[in-house]
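# Coordinate analysis (summary)
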Amino acid sequence: MDLRLAAVLLLLCATFTISEGGIPRCCVKISQKIPQRLLKHVEKYDFQTSSGFCDIPALVLYMKRKKFCADPSLINKVINAINKRRKQVPQDLFGMIK
């Protein structure tokens, strides 16, 4: 009896853990402005569409341990900030290492 109960509990725990990992984390509101200090720390971005699990379209910005939801029309601002930051890194960085 105890072995059956343990097996059922183990199965339930495994099912709950697997299904919890599949739940999308949607933006529920978006910002119309992106603070300049935040743009400096954007590591990557993604788009959330309103079709499927999430209710609203959003531009999702990822920083270390943070996520920021913005209006998708602000994508050009994000791309420009990322490109500007890349230009500030020395182009011949590997040439300096000998």
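Nothing here was measured: the structure is a model prediction, and the numbers come from that model.

### Observations concerning the confidence of the model for the chain
- Per-residue confidence for the chain gives a mean pLDDT of 79, with 68% of residues at or over 70.
- The weakest mean pLDDT in the chain belongs to helix H1 (residues 2-21) at 58; the strongest belongs to strand E3 (residues 66-70) at 95.
- Note on residues 16-20: pLDDT is under 50 here. Beyond four places in sequence and across chains, it has 0 contacts.

### Here's the deal with helix H3 (residues 75-88)
- Between its first and last C-alpha atoms H3 spans 20 Å; for 14 residues at 1.5 Å apiece the expected length is 20 Å, and the two agree.
- Buried residues of H3: Ile75, Val78, Ala81 and Ile82, and no others. Looking down the long axis of H3, one finds its buried residues gathered within 130° of arc, a one-sided arrangement. For H3, the exposed residues lying more than 90 degrees away from the buried face are Asn76, Asn80, Lys84, Lys87 and Gln88.
- Buried positions along H3 lie against helix H2 (36-39), strand E1 (44-48) and strand E2 (58-63).

Here is what the cut-offs are and how they apply
Residues numbered from 1 in each chain as written. Predicted model: local features only at pLDDT ≥ 70, side-chain atom pairs only at ≥ 80, totals over all residues. Heavy atoms only, no water. pLDDT = per-residue confidence, 0-100. Helix = DSSP H or I, 4+ residues; strand = E, 2+ residues; numbered from the N terminus. Contact = heavy atoms within 4.5 Å. Expected span 1.5 Å × (residues − 1). Buried < 20%, exposed > 50% of the residue type's maximum accessible area, 1.4 Å probe, protein only. Arc of directions from axis to C-beta.

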